[in-house]
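Residue-level structure breakdown
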Number of protein chains: 2
Amino acid sequence: MSQTLSQATGRDIRLLCREQRWTGPTAGLALGYIQANLVIIPREWAFDFLLFCQRNPRACPILEVTDPGCAEPRRCAPGADLRTDLPRYRVYQQGKLVAEPGEITSWWREDLVAFLLGCSFSFERALLQTGLPVRHIECGCNVPMYRTNIPCASAGRLRGPMVVSMRPMKPQQALQAAHICERFPFAHGPPVHWGDPAVIGIADLSKPDYGDPVPLYPGEVPVFWACGVTPQAVIQESGVEFVITHKPGHMFVTDWRESDYYEIAETVANRREHLAN
Amino acid sequence: MSQTLSQATGRDIRLLCREQRWTGPTAGLALGYIQANLVIIPREWAFDFLLFCQRNPRACPILEVTDPGCAEPRRCAPGADLRTDLPRYRVYQQGKLVAEPGEITSWWREDLVAFLLGCSFSFERALLQTGLPVRHIECGCNVPMYRTNIPCASAGRLRGPMVVSMRPMKPQQALQAAHICERFPFAHGPPVHWGDPAVIGIADLSKPDYGDPVPLYPGEVPVFWACGVTPQAVIQESGVEFVITHKPGHMFVTDWRESDYYEIAETVANRREHLAN
């Protein structure tokens, strides 16, 4: 990736995607801008899914939800178009992946609702800046992710287990990481578990359900965070007839700065509209 | 009110309501337990309203949302029945108040969704404990509430202005109050404005749109908080054909303790289900 793109703005990246001049992962791009998971589902399922996010804020921290038929996220990226401004999408019908297009204009329908959910890129940057290890970045691979026996709170027709991501650390580092991540409720917050993986139903750390395995060094314990793959897994399993998501790692880059996170953390939405100026 | 009731639990109060042995306001009852505004609307409107709450967290801090047809708030009060466990309800059809019953069993429908929203009782207690004035409690009247020119973020078919409550304080006290209320995002959070009422579209403080006027003493400024009347006002104005709410001041008393507020504040929902034990 060009060094320039790490210094680009969220809008720069979105326009490159729109022109199909960037179709790769967004890790490391537009540093300092909050990136988001995308889930697009029909209006008929939108209440269930919004309620699911509300009840499972660790896995599904809501940044923004659009009105049905509206592809512009007016709060976190005014002027953006969610149909074209991500590098790569995934289209699911009846839970089956049917396409991985670079834009979804032809798939768009007036009854679709788009959800933008926080992603771990925000807190990983904070961990690295504090000198904490982020093993999959050291290894140049994807983060390992596992299905757990932790049930998500169900909502209407949506139910399923939490998916977690894992980063190995020494216990003292894990405490530091937990402290840091408390400040990122919009990016999955602090860990949900550390230590014995069997306690949360993970049989073998070397066989992640998604992503790549990473090594644990002597003295390290596995540290687990709620993961943005949870909603995709739940939605696919729950018989939703039509879903569009981003391709994993190919996120939507917002206009929001991580340095604004206190404000965003407080409301997980848009506080500004409530303040008299 | 009996002194005993101030020391009762949330469950005690709910059972008294269920037996119609308590039909009055809940201010001062079950001290330390979080109380909630109630909004019950048809499933057909539930996505719009949940999205409205999501986008307007100051006015509409969500404590819990039930699944359609489910009258039990399983998170904040397991075993409770929202059809009987409040002292007094209001039933609206086409925006018009048609009944003020003591229970709503005969009005219940399988497509109804119940929303429990945070209320200012929580932070008023904290203000009093810090020695700050809460004028309407000193005066023994209702808090004054005003429609403002602050637009709520609209959601689908729902739109309208924010309603605010007002408490007079000296500027230094207002700063203290803002600091305290930062810790109560589930109870409307810090003030949205203080000082000149005209800035937020209030022409005459002595003529509140809801509740009772209260005096300002020399050196005091009016301090305004987002108010739980906002959603009721918006819903009634937006043509929802059927809505049930609590009667103002006659709240639902949960099992949640104010002393747990840090946990509740972080998630505004139920964090416990996400923690491995």
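All figures in this text were calculated on a predicted structure; none of them were measured in a lab. (Residues numbered from 1 in each chain as written. Chains lettered and ligands numbered in written order. Predicted model: local features only at pLDDT ≥ 70, side-chain atom pairs only at ≥ 80, totals over all residues. Heavy atoms only, no water.)

All names here are of chain A. Looking at where Val221 falls in the secondary structure, it is placed in strand S9 (residues 221-226). Separated by 50 residues in sequence, Val221 and Pro171 place their C-alpha atoms 6.5 Å apart. Each residue touching Val221, except ones within four places of it in the same chain, is listed here: Arg167, Pro168, Met169, Pro171, Gly195 and Leu216. (Helix = DSSP H or I, 4+ residues; strand = E, 2+ residues; numbered from the N terminus. Contact = heavy atoms within 4.5 Å.)

It is worth spelling out the domain arrangement of chain A at this point. Residues and elements named next belong to chain A. Here chain A is partitioned into domain 1 (3-120 + 239-274) and domain 2 (123-230). Spacing between the C-alpha centres of domain 1 and domain 2 amounts to 22 Å. At the junction of the two partners, domain 1 supplies 26 residues and domain 2 supplies 24 residues. A buried area of about 2300 Å², summed over both sides, lies between domain 1 and domain 2, and 60% of it is on carbon and sulfur atoms. Linking domain 1 to domain 2 there are three salt bridges. The closest approach of N and O atoms between Asp48 and Arg157, which form a salt bridge, is 2.8 Å. Put simply, domain 1 and domain 2 have 10 residue pairs in polar contact (both at pLDDT 80 or more) between them. Contributing elements (two or more residues each) for the side of domain 1 that touches domain 2: strand S1 (33-42), helix H3 (43-55) and helix H8 (261-267). Per-element tally for the side of domain 1 that touches domain 2: the top contributor is H3, with seven residues. Residues that form the side of domain 1 that touches domain 2 fall into these classes: 16 nonpolar, five polar and five charged. (Domains from an automatic or database assignment. Buried area = accessible area lost by both parts, 1.4 Å probe. Salt bridge = Lys/Arg side-chain N within 4 Å of Asp/Glu carboxyl O. Polar contact = N/O pair within 3.5 Å; in protein donor to acceptor, adjacent residues only side chain to side chain. Nonpolar A, V, L, I, M, F, W, Y, C, P; charged D, E, K, R; others polar.)

In this section: the pattern of salt bridges. With the rule as written, the count across this model stands at 37 salt bridges over all chains. Across the pair Asp48 of chain A and Arg43 of chain B runs a salt bridge whose closest N-O atoms are separated by 3.8 Å. With one member in each of two chains, Asp48 of chain A in helix H3 and Arg43 of chain B in helix H3 (residues 43-55) form a pair that bridges those chains. On the accessibility criterion, Asp48 of chain A (3% relative accessible area) is buried. Each member of the salt-bridge network shares a partner with another, and the members are Arg43 of chain A together with Glu44, Asp48 and Arg157 of chain B. (Buried < 20%, exposed > 50% of the residue type's maximum accessible area, 1.4 Å probe, protein only.)

Moving on to the sheet that holds strand S6 (residues 145-151) of chain B. Residue and element names in this part refer to chain B. Ordered by their spatial adjacency, four strands build an open sheet running S6-S7-S9-S8, and the pairing between neighbours is antiparallel. The open sheet has two free edges, formed respectively by S6 and strand S8 (193-194), since each of these has just one partner strand. The sheet contact formed by S6 and strand S7 (residues 161-169) spans four bridges and is antiparallel. Its bridge partner being in S7, Met145 is matched across the sheet by Ser165. On top of the sheet, helix H4 (residues 121-129) reaches S7 and strand S9 (221-226); it is set at about 15 degrees to S7, its chief contact. (Pairing = 2+ DSSP bridges. Axes fitted to C-alpha atoms, helices over the stretch in contact; angles between N-to-C directions.)

A word on the packing of helix H4 (residues 121-129) of chain A against helix H6 (residues 171-181) of chain A. All names here are of chain A. Running from N to C, H4 and H6 cross one another at 130 degrees; their axes reach a closest spacing of 10 Å. Considering their axes alone, H4 and H6 lie oblique with respect to each other. Handedness of the H4/H6 crossing: right-handed. Contact residues: H4 offers Phe123, Ala126 and Leu127, while H6 offers Ala177, Ile180 and Cys181. (Parallel < 35°, antiparallel > 145°, perpendicular 65-115°, else oblique. Left-handed = near helix turned anticlockwise from the far one by under 90°.)

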